[in-house]
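Observations on the model geometry
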Amino acid sequence: MYQVFINGYGIIGSRLATAITKDKSINLIGIAKYSADEKTQEAINKGYKVFVPRKLIKEFQNKKYDISGSIEDAINQSDLVIDASTEGNGIKNKRKYYQPLKKKAIFQGGEDRYGKNSVANIIHNSRVNYENTIDKDFVIQGSCNVTGMGKIIQPLIESYDKLIKRFDVVLVRRWADLEDKKEVRDSIVWDKDPHHQDDLKDFIPTANLYVDALKVPSRMMHLHQMTVRFVGRPPSKDDILDNFKNEFGVAILNNAKGTGDIRKKAAELKFDHGDTSMVHIHSELIKIQEDTLKISYSDDQTGMVIPENYMLIESMLLKRRRSDAIRQTDKIFSMKKKKRLLESAFQN
Ligand SMILES: NC(=O)c1ccc[n+]([C@@H]2O[C@H](COP(=O)([O-])OP(=O)(O)OC[C@H]3O[C@@H](n4cnc5c(N)ncnc54)[C@H](OP(=O)(O)O)[C@@H]3O)[C@@H](O)[C@H]2O)c1
């Protein structure tokens, strides 16, 4: 049985643990904790083995946490590590553990793709380049915003190709996640150099794309406002929506009042961690004028990348074909069922 370890147990790591334990063909060795805080006991109570840096074992034990060993012990046992650390630690972990111990690793979107701290030479998006990850030892899973953009841009390019002149996207980004302790400040903050544009072009190099990013005081998802310029008049709204009817991980909603409505609905429907794990096109916001299509969709920041990381396990460890990996991912995440439930909840 393949052995997987999750290095980092925060917002992303805790969700990955929930998903991986549902797959009885993979063994989750455990999770890593770096702070001896109450999340350690929470993980133990959920049945996960907890591994900590060797020099902190005493500190955790003094607080009466039942620790299963050092992070190095866990990585030694693993076939693949999912690095879910705070941004920037991925490269340190790669140099300290994954490279010397010759372990495959998946990194998250907060890590660098380029420059001296680059952790991998590919950013994954399961809709676009799943097959290219099969033989890789190191892969970055695109961030939630980059993943969401890929899920919308790729089907449009496949359908309309040279009829599209350019994409302009304004990312309206949430400030913090619901579980985050950090304060949400009352300000609209701009980003003078958003990474999302280059990240997307890493896997869709032909996209003529320009991205602006604003951070707003909300904890409830991201909203992307995308403007697509066509050569001549764009296809009709119905034609545009047809592209997404059967897209995995894309729901078409009508008349949600805002991102909070969708998050609330996901909690009401008892989706794991209150996540939808997808993007939601807001059909009432689709506008067509002259050569311009406007399409807006919300992007579940915390859930979006979890099935994507799982797809990477299917690829890097199990070497599954994409169609089989999608079927397996649907089994674990019930993506199609969630899409149906959300679409029927927001249909008028
Ligand atoms: N949050 C999102 O919505 C979201 C969405 C997509 C992608 N991402 C990306 O996913 C990554 C993780 O984000 P997050 O939101 O889950 O962060 P987070 O909640 O702050 O969790 C990060 C975890 O990393 C652990 N950690 C500290 N030092 C570490 C080290 N040297 N090696 C491994 N782990 C270490 C921390 O452990 P302790 O708690 O024990 O100190 C903490 O639990 C980032 O790259 C982020 O950009 C986040």
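Residues numbered from 1 in each chain as written. Predicted model: local features only at pLDDT ≥ 70, side-chain atom pairs only at ≥ 80, totals over all residues.

Overview of the site of the ligand
Cut-off, in case you're wondering: Using the backbone to place each C-beta atom, any residue with that atom within 6 Å of a molecule or strand is considered near it. We count a stretch as a helix when DSSP gives it H or I for four or more residues in a row; a strand needs E for two or more, and each element gets its number in order from the N terminus. In this count, Pro and Cys sit with the nonpolar residues alongside Ala, Val, Leu, Ile, Met, Phe, Trp and Tyr, while Asp, Glu, Lys and Arg are called charged and the others, Gly among them, polar.
The full set close to the ligand counts 28 residues, and Gly 8, Gly 10, Ser 85, Gln 108 and Gly 110 are the nearest of them. The set of elements that each furnish at least two residues to the shell around the ligand consists of helix H1 (11–21) and helix H5 (89–98). Considering every element that reaches the shell around the ligand, the biggest residue donor is H1, with three residues. Of the residues assigned to the shell around the ligand, the class counts are eight nonpolar, 15 polar and five charged.

A look at the packing of helix H6 (residues 144–160) against helix H7 (residues 196–203)
The following threshold applies: Angular values range over 0 to 180 degrees, each being the angle between N-to-C directions of two axes fitted as lines to C-alpha atoms, with helices fitted over their stretch in contact. Throughout, the term roughly parallel applies to angles under 35 degrees, roughly antiparallel to angles over 145, roughly perpendicular to angles from 65 to 115, and oblique to all others. In a left-handed crossing the near helix is turned counterclockwise from the far helix by less than a right angle, and in a right-handed crossing that turn is clockwise. Our contact criterion uses C-beta atoms placed from the backbone: two residues qualify when those atoms are within 7 Å.
It is at 10 Å that the axes of H6 and H7 come closest, and there the two elements cross at 50 degrees. The angle between H6 and H7 places the two elements in the oblique class. As H6 runs across H7, the sense of the crossing is right-handed. Between H6, through Asn 145, Val 146, Met 149 and Gly 150, and H7, the contact on the second element is made entirely by His 196, Asp 199, Leu 200 and Phe 203. Looking at side-chain class alone, the contact of H6 with H7 contains four nonpolar, three polar and one charged residues.

A closer look at the sheet that holds strand S4 (residues 69–70)
Defined as follows: Strand pairing follows a simple DSSP-based rule, namely that at least 2 bridges must link the two strands.
An order of S4-S3-S2-S1-S5-S6-S8-S7 is seen for the eight strands of this open sheet, with the pairing classed as parallel. Only two strands of the sheet have a single partner each, and these edge strands are S4 and strand S7 (123–124).

Topic: the nonpolar core
Rules: The term nonpolar core refers to a set of buried Ala, Val, Leu, Ile, Met, Phe, Trp, Tyr and Cys residues connected through C-beta atoms within 7 Å. Exposure criterion: with C-beta atoms placed from backbone coordinates, a residue whose C-beta has 20 or more other C-beta atoms within 10 Å is buried, one with 12 or fewer is exposed, and one in between is partly exposed. Delimitation of the domains relies on an automatic or database domain assignment.
Ranked by size, the top nonpolar core spans 85 residues in total, and within it Ile 6, Leu 16, Ile 31, Ile 152 and Ile 295 carry the most contacts. Summarising the domain contributions, this core has at least three residues from each of domain 1 (2–141 + 306–333) and domain 2 (144–303 + 334–345). Setting aside residues up to four positions removed in sequence, Ile 6 forms contacts with Gly 13, Leu 16, Ala 17, Ile 31, Ala 32, Ile 82 and Ala 84.

Here we look at the domain arrangement of the chain
Domain assignment breaks the chain into domain 1 (2–141 + 306–333) and domain 2 (144–303 + 334–345). Taking the mean C-alpha position of each, domain 1 and domain 2 sit 26 Å from one another. Taken together, the contact pairs 17 residues of domain 1 with 21 residues of domain 2. Those elements that place two or more of their residues in the side of domain 1 that touches domain 2 are H1, helix H10 (305–316) and helix H11 (322–333).

Some thoughts on H1
Most of H1 is tucked away, with eight of its eleven residues classed as buried. On its buried face, H1 sits against strand S1 (2–7), strand S2 (26–32), strand S5 (80–83), H10 and H11.

Structural notes on the packing of H10 against H11
It is the contact of H10 with H11, at a shortest axis distance of 10 Å, that shows an interaxial angle of 135 degrees. Classified by the angle their axes make, H10 and H11 are oblique. Helix-helix and strand crossings are classified by hand; for H10 and H11 the assignment is right-handed. Residues Pro 307, Tyr 310, Met 311, Glu 314 and Ser 315 of H10 lie in contact with H11, whose contacting residues are Ala 325, Gln 328, Thr 329, Ile 332 and Phe 333. Class assignment for the residues of the contact of H10 with H11 results in six nonpolar, three polar and one charged.

Topic: helix H9 (residues 259–268)
Just so we agree on the cut-off: Comment: arc refers to directions from the helix axis out to C-beta atoms.
Restricting attention to buried positions, one finds in H9 the residues Thr 259, Ile 262, Arg 263 and Ala 266. Buried residues of H9, seen end-on, are gathered within an arc of 100 degrees and therefore sit on one face of the element. Residue Lys 270 follows H9 closely and has a positive phi angle near 60 degrees.

So, the environment of Ile 288
Among the secondary structure elements, Ile 288 is positioned in strand S15 (residues 287–289). The class of Ile 288 is partly exposed, set by 17 C-beta atoms lying within 10 Å. Between the C-alpha atoms of Ile 288 and Val 228, which are 60 residues apart in sequence, the distance is 9.6 Å. For Ile 288, the contacting residues outside a window of four places in its chain are Pro 234, Lys 237 and Leu 293.

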